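For reference, the chains in residue letters:
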Amino acid sequence: MTGATAARRNDYYRRLDPLSMAPLWEVLGDLVTPSPASRCRPACWRYEDVRTLLLESGDLISAREAERRVLVLENPGLRGESRVTTSLYAGLQLILPGEVAPAHRHTQTALRFVVEGEGAYTAVDGEKAVMHEGDFIITPSGTWHDHGNESDGPVVWLDGLDIPIVTLLDASFAERYPEEAQATTRPRGAAAARYGCGLLPVEASSGGPASPVFSFPYARTREALDRLRASAAVDACHGIRMKYANPLDGGYALPTIATFIQLLPRGFRGAAHRSTDATVFCVAEGEGRTEAGEETFTWGPRDTFVIPSWWPRRHEVEEEAVLFSFSDRVVQEALGLWREEREPFAGATA
Ligand code: GTQ
């Protein structure tokens, strides 16, 4: 391109600018990329580092004042944006004995994966779910929820929310409940009895977009994985990987965040694969390694790590391990966008 052409074009662009227009040809290659071009980076948060700082926050601010006392896990490629991946938020929340994180509701969907301690609870629409390590609890969009700790030790869980998705869609609404804690209107276990025991009310409606079972205790999940170890096929990439499901339709438990539990059997050497859903993993049990591109994370219990969209990844363990994970796969599947590829890869890798 000659200098004269460049000057003519720049002059033309300057005249487009006040009319809020811009030439596509200058940006097309960055908008429509041959494969995902994410700013999201692989990252790993070791629990022993996080725990010390998280407990220190307990001396700095109360759960009441903070509303939610959380250390946000910021993806290193997305600092300052409160995002663990491009589409999802994650944080580690601390609640101390006797504290209450006040009731509120919002259009954002949330999940909790209990990392340390037990005896805290999340109340969802009038029913309390008591927490034990490894329990998975959901607070679907629009449900009132508060957290409390009736135990004598700190309780920590991983929060996953679809905040960036709701922000993208400009659909955020939130409000505080008039009181600190919502009234209990249903006994513990009511939702599980009604929807989570292989039975359903005969007149069960199709329900909302989220699972009416809002607590998935680890004891049951672990028992299922134990039985599956002896009977299920072991996937070359994923070991034995199951999704948390909505009992009304067999779909994912939440409409915007797909959630999984996977058992990597003793000696597992996973094959490489990549998928378009950047995935957040939290180690429920065991130790292992995950390669993400050139990076290798060596992880142990309670660590959290994230693998970006389309980065090849591979898991390896010596002894058995269990990983919880979540991603936006449910959204991508609904939109016909989700892809997975196993080695050998067709195109260039990230
Ligand atoms: O527990 O309701 O990590 O509203 C971020 C926003 C947790 C919660 C977070 C929230 C919550």
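Refer to the structure printed above.
Presented here is an overview of the structure given in this document. Along each chain, numbering runs from 1 in the same order as the chain's sequence is written. Selection of residues for local features in this predicted model requires a pLDDT of at least 70, selection of side-chain atom pairs for listing and counting requires 80 or more, and totals for whole chains, interfaces and linings are taken over all residues. Each side-chain value is derived from all of the structure's non-hydrogen atoms; neither hydrogens nor water enter the calculation.

1. Examining the sheet that holds strand β1 (residues 43–45)
Turning to step 1, where the next piece is worked out: At least two DSSP bridges between two strands are needed for those strands to be called paired. Secondary structure elements follow DSSP: runs of H or I no shorter than four residues count as helices, runs of E no shorter than two count as strands, and numbering proceeds from the N terminus. In space, the six strands of this open sheet follow the order β1-β19-β16-β21-β14-β13, with antiparallel pairing throughout. Of all the strands in the sheet, the pair left with one neighbour each is β1 and β13 (240–243). Averaged over all pairs of adjacent strands, the angle between strand axes in this sheet comes to 20°, irrespective of strand direction.
Turning to step 2, where the next piece is worked out: Pairing of β13 with strand β14 (residues 258–264), which is carried by four bridges, proceeds in the antiparallel orientation. Within β14, the position partnered with M242 by the bridge is I261.
Turning to step 3, where the next piece is worked out: Sheet strands touched by helix α7 (residues 218–231): β13, β14, β16 (279–285) and β21 (321–327). Its angle to β14, the strand with the most contacts, is close to 50°. Throughout, an axis means a line fitted to C-alpha atoms (over the contacting stretch in the case of helices), and angles, computed between N-to-C directions, take values from 0 to 180 degrees. By definition, residues are in contact when any of their heavy atoms lie within 4.5 Å.

2. Here we look at the nonpolar core
Turning to step 1, where the next piece is worked out: To define a nonpolar core, start from buried Ala, Val, Leu, Ile, Met, Phe, Trp, Tyr and Cys residues and group those joined through side-chain atoms within 4.5 Å. Burial classes follow relative accessibility: with a 1.4 Å probe on protein chains only, a residue under 20% of its type's maximum area counts as buried, one over 50% as exposed, and anything between as partly exposed. Ranked by size, the top nonpolar core spans 50 residues in total, and within it V84, L92, F136, L158, F324 and F326 carry the most contacts.
Turning to step 2, where the next piece is worked out: Formed by 13 residues, the second largest nonpolar core is a distinct cluster that contains A292, F297, F305 and V317.

3. Focus: the site of the ligand
Turning to step 1, where the next piece is worked out: Taken together, R68, V70, Y89, Q93, H104, H106, R112, H145, H147, D159 and L161 make up the full set of residues adjacent to the ligand.
Turning to step 2, where the next piece is worked out: Between the ligand and H145, the relevant distance is 2.8 Å, taken from an oxygen atom to a side-chain nitrogen or oxygen of the residue.
Turning to step 3, where the next piece is worked out: Each accessible area value is a Shrake-Rupley result obtained with a 1.4 Å probe; residue values ignore everything except the protein chains displayed when judging cover. Notes on the ligand: free accessible area 290 Å², of which the protein chains cover 89%.
Turning to step 4, where the next piece is worked out: Listed by contribution, the elements that provide at least two residues to the shell around the ligand are β3 (89–95), β4 (100–106), β9 (145–149) and β10 (155–161).
Turning to step 5, where the next piece is worked out: We call Asp, Glu, Lys and Arg charged. Ala, Val, Leu, Ile, Met, Phe, Trp, Tyr, Cys and Pro are nonpolar, and the rest, Gly among them, are polar. For the shell around the ligand, the per-class residue count stands at three nonpolar, five polar and three charged. We call a residue near a molecule or strand as soon as one heavy atom of that residue lies within 4 Å of the molecule or strand. Whenever a nitrogen or oxygen atom comes within 3.5 Å of another N or O atom, the pair is scored as a polar contact, on the condition that within protein one atom can donate a hydrogen and the other can accept it, and that pairs from neighbouring residues in sequence are kept only if both atoms are in side chains.

All quantities given are derived from atomic positions and should not be read as evidence of function.
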